[in-house]
Each structure stands twice: as C-alpha cells, then as structure tokens.
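# Coordinate inspection notes
So you can see what is in the structure, the chains are spelled out below.
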Amino acid sequence: MKKIAIINGPNLNLLGRREPGVYGSTDFESYFESLKTLVPHLALSYFQSNIEGELVTALQQAGFDSDGIVLNPAAYTHTSVAIGDAIAAITAPVVEVHISNVHARESFRQLSHVSAKAAGTITGLGLQGYELAIRYLLARS
Ligand code: DQA
C-alpha cells in the first residue's frame, strides 16, 4: 500500500473558523475524512503543528519511507529556512500546497523557502489542492 503524509503548519488547526472568507468554512478534520474515502487504497496520514521544529521532525520522520508528502507550511513558508532545508534533506517528493492564492495577497507571502525544494506548488485552489497533490504523487510514484 502506498504511503502519503499530509503535514500542516501553524493556524491550520483553526481551519473553518479562521478567516473563512480566505480559507473557507470547512475544518481540516472533516475534509481529511472525505479525502480518505476518495483514496481508499492509500495509507494517508495527517499531522498538524503550530511549532516549526515539530514540522521539521515530521518531515524527517515521513521523509524516507513514504511515497510523498503534501505540505502546507502556512506562515512558515515565508520564514523558515529550516523547513526548506528539511525538504532538501529527505528523499520523498514534497508538494507544497496553499489553500489561498498567495500570489494575490500581501507581498511578504510572495517569498517561499519551500517552493525551490518542492516538486511543485499548488496555490489558490482551496482544499482541493490537497487532493490534486495526492493524485500527482500517486501518479509519479
Ligand atoms: C497559507 C498561506 C500562508 O501565507 C498563510 O500564512 C497560511 C495559510 C494557505 O494555505 O493559503 O497560514 O499557507
């Protein structure tokens, strides 16, 4: 069975309640349940943390024995050299996902320490971006 890990960064635990005009009104746990039914033959895991170092550790743990990682580093996208370095250090392909279109937002969101290390980036397609990232990872592995 193929293995894919979803890793979400800070404040994404508040999805559904957090700025619904930007991020929508569905919480991630509900979305994750529906996502699992779309890919029933996949070992899909989900981890969220508000702490940068925990995200680095999660990348290291999933990074050598999964078929891919779907990563939304949230605000750490724009600040974290450590998360960029972790992606470069592991062997599993990483797809960077953003729910909102970061390019249509503030200028500080234009910088990503992740994009250059990722296999690719999906931004602005809402929660569907996670499913699309998984389908890409399954097709390539
Ligand atoms: C985000 C975009 C980031 O700029 C922001 O800090 C987030 C969420 C997104 O999914 O659109 O927390 O990664």
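Quick note: structure is the one above.
Bear in mind the structure is a predicted one, so any value in this text is a computation, not a measurement.

### A closer look at the site of the ligand
- Surrounding the ligand, one finds R18, Y23, N72, A74, A75, H78, H98, I99, S100, V102 and R109.
- Between the ligand and N72, the relevant distance is 2.8 Å, taken from an oxygen atom to a side-chain nitrogen or oxygen of the residue.
- Residue H98 places a side-chain N or O atom 2.8 Å away from an oxygen atom belonging to the ligand.
- Looking at side-chain class alone, the shell around the ligand contains five nonpolar, four polar and two charged residues.

### Describing the nonpolar core
- Grouped together as the largest cluster of nonpolar side chains are 23 residues, with contacts concentrated most on I6, F28, L44, V70, Y130 and I134.
- Sequence-distant contacts of V70, defined by excluding residues within four places in its chain, comprise I4, A5, I6, I7, V95, V97, Y130, A133, I134 and L137.
- Membership of the second largest hydrophobic core comes to 18 residues, among which are L55, A58, L71 and I90.

### Let's talk about the packing of helix α2 (residues 28-38) against helix α5 (residues 128-140)
- Running from N to C, α2 and α5 cross one another at 35°; their axes reach a closest spacing of 10 Å. Relative to α5, the crossing made by α2 is right-handed. Residues F28, Y31, L35 and L38 of α2 lie in contact with α5, whose contacting residues are Q128, Y130, E131, I134 and R135.
- Considering only residue class, the contact of α2 with α5 consists of six nonpolar, one polar and two charged.

### What about unusual backbone geometry?
- Positive phi outside glycine occurs at E19, with the angle close to 35°.
- The topology assignment puts E19 in the loop between β1 (2-8) and α1 (20-23).
- By relative accessible area, which is 44% here, E19 ends up partly exposed.
- If you check the backbone angles, A74 has positive phi at about 50° while not being a glycine.
- Relative to the elements of secondary structure, A74 occurs in the loop between β3 (68-72) and α4 (81-89).

### Considering the pairing of β1
- Across the seven residues that make up β1, a large majority, five, are buried.
- Where β1 lies against strand β2 (residues 42-48), seven bridges are found, and the strand directions are parallel. Note that in β2 the partner of I4 across the bridge is L44.
- Relative to β3, β1 is paired through five bridges, and the arrangement is parallel. Bridged to I7 within β3 is L71.

### Topic: the packing of helix α3 (residues 52-62) against α4
- Look at α3 against α4: their axes get within 9 Å of each other, and the N-to-C directions meet at 5°. Between α3 and α4, the angle is such that the two are roughly parallel. Every residue of α4 that contacts α3 at E52, L55, V56 and L59 is listed here: A82, I83, A86 and I87.
- The class makeup of the residues in the contact of α3 with α4 is seven nonpolar, no polar and one charged.

### Quick word on α3
- Buried within α3 we find L55, V56, A58, L59 and A62. The arc that holds the buried residues of α3, viewed along the axis, is 160°, so those residues lie on one side.

Parameters at a glance
Residues numbered from 1 in each chain as written. Predicted model: local features only at pLDDT ≥ 70, side-chain atom pairs only at ≥ 80, totals over all residues. Heavy atoms only, no water. Near = heavy atom within 4 Å. Polar contact = N/O pair within 3.5 Å; in protein donor to acceptor, adjacent residues only side chain to side chain. Nonpolar A, V, L, I, M, F, W, Y, C, P; charged D, E, K, R; others polar. Core = buried A, V, L, I, M, F, W, Y, C linked by side-chain atoms within 4.5 Å. Buried < 20%, exposed > 50% of the residue type's maximum accessible area, 1.4 Å probe, protein only. Contact = heavy atoms within 4.5 Å. Axes fitted to C-alpha atoms, helices over the stretch in contact; angles between N-to-C directions. Helix = DSSP H or I, 4+ residues; strand = E, 2+ residues; numbered from the N terminus. Left-handed = near helix turned anticlockwise from the far one by under 90°. Pairing = 2+ DSSP bridges. Parallel < 35°, antiparallel > 145°, perpendicular 65-115°, else oblique. Arc of directions from axis to C-beta.

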